[in-house]
Amino acid sequence: SDLVRKEIPAGRYVATRFVGLQHITDTWRAFLGWFNDRGFERDPAGDMCLEELRNPGETSPDLWEFDLYLPIRPAASI
C-alpha cells in the first residue's frame, strides 16, 4: 500500500463538504471567498490545506464526497 501517515497540526480550521469531483475547483474558489468576507484570513502557521475523500469505495467521481479544510485565524486589523 502507498499510504503515508501525516500529522495535522492543531489549530482553527474552516471546513466545507461537497459532492462530485467536477466541482472541486469552483468549491475551493467559493470557500476561499466565504471566509475572507467574514473577517478571517488563512493562517500562515497552518500550512496544510486539506481535502478528505469521505467515500473512497465509490467508483464514480460524480458521487465522490469531499471535505475541504483550511487553517484560519482572525484577520489582522488595519
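Residues numbered from 1 in each chain as written. Predicted model: local features only at pLDDT ≥ 70, side-chain atom pairs only at ≥ 80, totals over all residues. Heavy atoms only, no water.

J.: Any details on the packing of aromatic side chains? Residues and values, ideally.
T.: Considering all chains together, one arrives at three aromatic pairs under this definition. Arranged with centres 5.2 Å apart and planes meeting at 15°, the rings of F18 and F66 form a pair that is stacked. Here F18, found in strand β1 (residues 13–19), pairs with F66, found in strand β4 (residues 65–74); they are 48 residues apart in sequence, far enough to count as distant. When its relative accessible area of 8% is taken as the criterion, F18 is described as buried. Where W28 meets F31, the ring centres are 5.7 Å apart and the plane angle is 45°; that geometry is what we call tilted. (Phe/Tyr/Trp six-rings, centres within 6.5 Å; stacked < 30°, edge-to-face > 60°. Helix = DSSP H or I, 4+ residues; strand = E, 2+ residues; numbered from the N terminus. Buried < 20%, exposed > 50% of the residue type's maximum accessible area, 1.4 Å probe, protein only.)

J.: Describe the layout of surface pockets, and please don't skip the residues or the numbers.
T.: Space left empty within the atom packing is revealed by a probe, the size of a water molecule, rolled over the atoms. Here the largest pocket defines a volume of roughly 240 Å³. If you go around the largest pocket, the residues you meet are L3, V4, K6, I8, M48, L50, E51, E52 and Y69. Here the lining of the largest pocket takes three residues from strand β3 (residues 50–53), the largest share from any one element. Broken down by class, the residue content of the lining of the largest pocket amounts to six nonpolar, no polar and three charged. (1 Å grid on protein atoms, 1.4 Å probe; cavity = no way out; pocket = protein on both sides within 12 Å on 5 of 7 lines; lining within 4 Å. Points joined across faces, edges and corners; volume = space filled by probe spheres on them. Nonpolar A, V, L, I, M, F, W, Y, C, P; charged D, E, K, R; others polar.)

J.: An account of the side chain of D67 is requested, with residue identities and associated values reported.
T.: Among the structural elements, D67 can be located in strand β4. Engagement of the side chain of D67 in a polar contact is seen with the side chain of R17, the distance being 2.6 Å. A distance of 3.2 Å separates polar atoms of two side chains, one belonging to D67 and the other to R54. Sequence-distant contacts of D67, that is, excluding residues within four places in its chain, are made with T16, R17, L50, E51, E52 and R54. (Polar contact = N/O pair within 3.5 Å; in protein donor to acceptor, adjacent residues only side chain to side chain. Contact = heavy atoms within 4.5 Å.)

J.: Before we move on, can you summarise the nonpolar core with the specific residues and values?
T.: Counting residues in each nonpolar core, the largest one holds ten residues, listed as V14, F18, I24, W28, F31, F35, F66, L68, L70 and I72. Within the residue set of this core, elements represented by two or more residues are β1, α1 (24–36) and β4. (Core = buried A, V, L, I, M, F, W, Y, C linked by side-chain atoms within 4.5 Å.)

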